[in-house]
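# Secondary and tertiary structure notes
As a plain string of letters, each chain reads:
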Amino acid sequence: PVAKTALAAGASGFCVAILDEGLELRRADIVEPILVLGVVSPEYAPVAAANNISLTVPNLEWLQEAEKALKKANLKLKIHLGIDSGMGRIGFSEDEEFVAANKFLQTSHSFEVEGMFAHFASADSADDSYFQRQVAKFEHMKQLLLVKPKWIHVDNTAASIFNKAVHSDLVRFGIGIYGLNPSSNPASADL
């Protein structure tokens, strides 16, 4: 119901946490793009590909394992390169591995590089010094790209509201779709 309401309000795609949520949207006849922001085991890459669901790439090893499964199923998967710019969750954080993954993708026929993203840990913080370090890290990783993603996206609810100077091709509006502020007051000291 939330997805259908979001579509009626103008949403052009969806992000979900796990593959099962994406599959549930497909079963509900949602045809718009879906990205799983969490890490899905590479063995399920063919399931995502068969259902036109994009997956997050957390590292080079994941790509290598997913490629084996996709080749076996003769499928191509849409992917978004996850960047760990300081959130400490998912994605590439080291230059060397990121460049190696890009080189791997240049020769692989199993993937369509749809996007690159990061998630800001403190976009709603009164002290934006950590946020600025995350932005700098993400911008640095963008400079290392050898493949050309369709979308570069970093705007979550907080970043889209409080830090409009950050370029993002997409906005991943989370808690804000429910009318909730991601922070009680970005101008006040953090609690």
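What this report covers is the structure whose coordinates are included nearby. (Residues numbered from 1 in each chain as written. Predicted model: local features only at pLDDT ≥ 70, side-chain atom pairs only at ≥ 80, totals over all residues. Heavy atoms only, no water.)

Let us look at the environment of E96. For E96, the location among the structural elements is in helix α5 (residues 95–107). Taking the C-alpha atoms as reference, E96 lies 9.5 Å from L144; in sequence the two are 48 residues apart. (Helix = DSSP H or I, 4+ residues; strand = E, 2+ residues; numbered from the N terminus.)

Right, let's talk about the sheet that holds strand β1 (residues 14–16) for a bit. The strand order β1-β2-β3-β4-β5-β6 describes an open sheet built from 6 strands, whose pairing is parallel. Each edge of the open sheet carries a strand with a single partner, namely β1 and β6 (151–153). The mean angle between the axes of side-by-side strands here comes to 30°, regardless of whether they run parallel or antiparallel. Sheet topology places strand β4 (residues 77–82) next to strand β5 (residues 111–117); 6 bridges connect them, and they run parallel. In the sheet register, K78 faces β5, and the bridge partner there is E112. Set on the sheet, helix α4 (residues 60–73) makes contact with β3 (54–57), β4 and β5; between it and β5 the angle comes to about 150°. (Pairing = 2+ DSSP bridges. Axes fitted to C-alpha atoms, helices over the stretch in contact; angles between N-to-C directions. Contact = heavy atoms within 4.5 Å.)

Inspection of the entire model under this criterion finds 1 aromatic pair. Ring geometry for F92 versus F98: centroids 5.3 Å apart, planes at 65°, classification edge-to-face. We classify F92 as buried; its relative accessible area is 0%. F98 sits in the buried class, given a relative accessible area of 0%. (Phe/Tyr/Trp six-rings, centres within 6.5 Å; stacked < 30°, edge-to-face > 60°. Buried < 20%, exposed > 50% of the residue type's maximum accessible area, 1.4 Å probe, protein only.)

Moving on, we come to the side chain of E67. Position of E67 among the secondary structure elements: in helix α4. No salt bridge is formed by the buried E67. Its closest oppositely charged neighbour is K71, at 4.1 Å. At 2.7 Å, the side chain of E67 and the side chain of S108 are in polar contact. Beyond its immediate chain neighbours, meaning those up to four positions away, E67 contacts F104, S108, S110 and F111. (Lys, Arg positive; Asp, Glu negative; His and termini not counted. Salt bridge = Lys/Arg side-chain N within 4 Å of Asp/Glu carboxyl O. Polar contact = N/O pair within 3.5 Å; in protein donor to acceptor, adjacent residues only side chain to side chain.)

A cluster of acidic residues, E61, E94, D95, E96 and E97, forms a negative patch at the surface. By relative accessible area, which is 71% here, E96 ends up exposed. (Patch = residues over 30% accessible without salt bridge, like charges linked within 9 Å, V, L, I, M, F, W, Y side chains within 5 Å. Areas by Shrake-Rupley, 256 points an atom, 1.4 Å probe, with all protein chains shown as cover. Charge placed at Lys NZ, Arg CZ, Asp CG, Glu CD.)

Moving on, we come to the pattern of salt bridges. Evaluation of the coordinates by the stated rule reveals 2 salt bridges. Note that K68 is salt-bridged to E65, the shortest N-O span being 3.1 Å. In this pair, K68 and E65 both sit in helix α4, 3 residues apart, roughly one turn of the helix. Judged by relative accessible area, K68 falls into the exposed class, the value being 52%. Classification of E65 as partly exposed rests on a relative accessible area of 35%.

What follows deals with the side chain of D84. In this fold, D84 is placed in the loop between β4 and α5. Of the side chains bearing the opposite charge, K137 lies closest to the buried D84, which forms no salt bridge; the N-O distance is 8.2 Å. Once you skip the residues sitting within four places of it in the chain, D84 turns out to touch R89, I90, G91, F92, S93 and K137.

Geometric descriptors of this kind do not, in isolation, establish any biological role.
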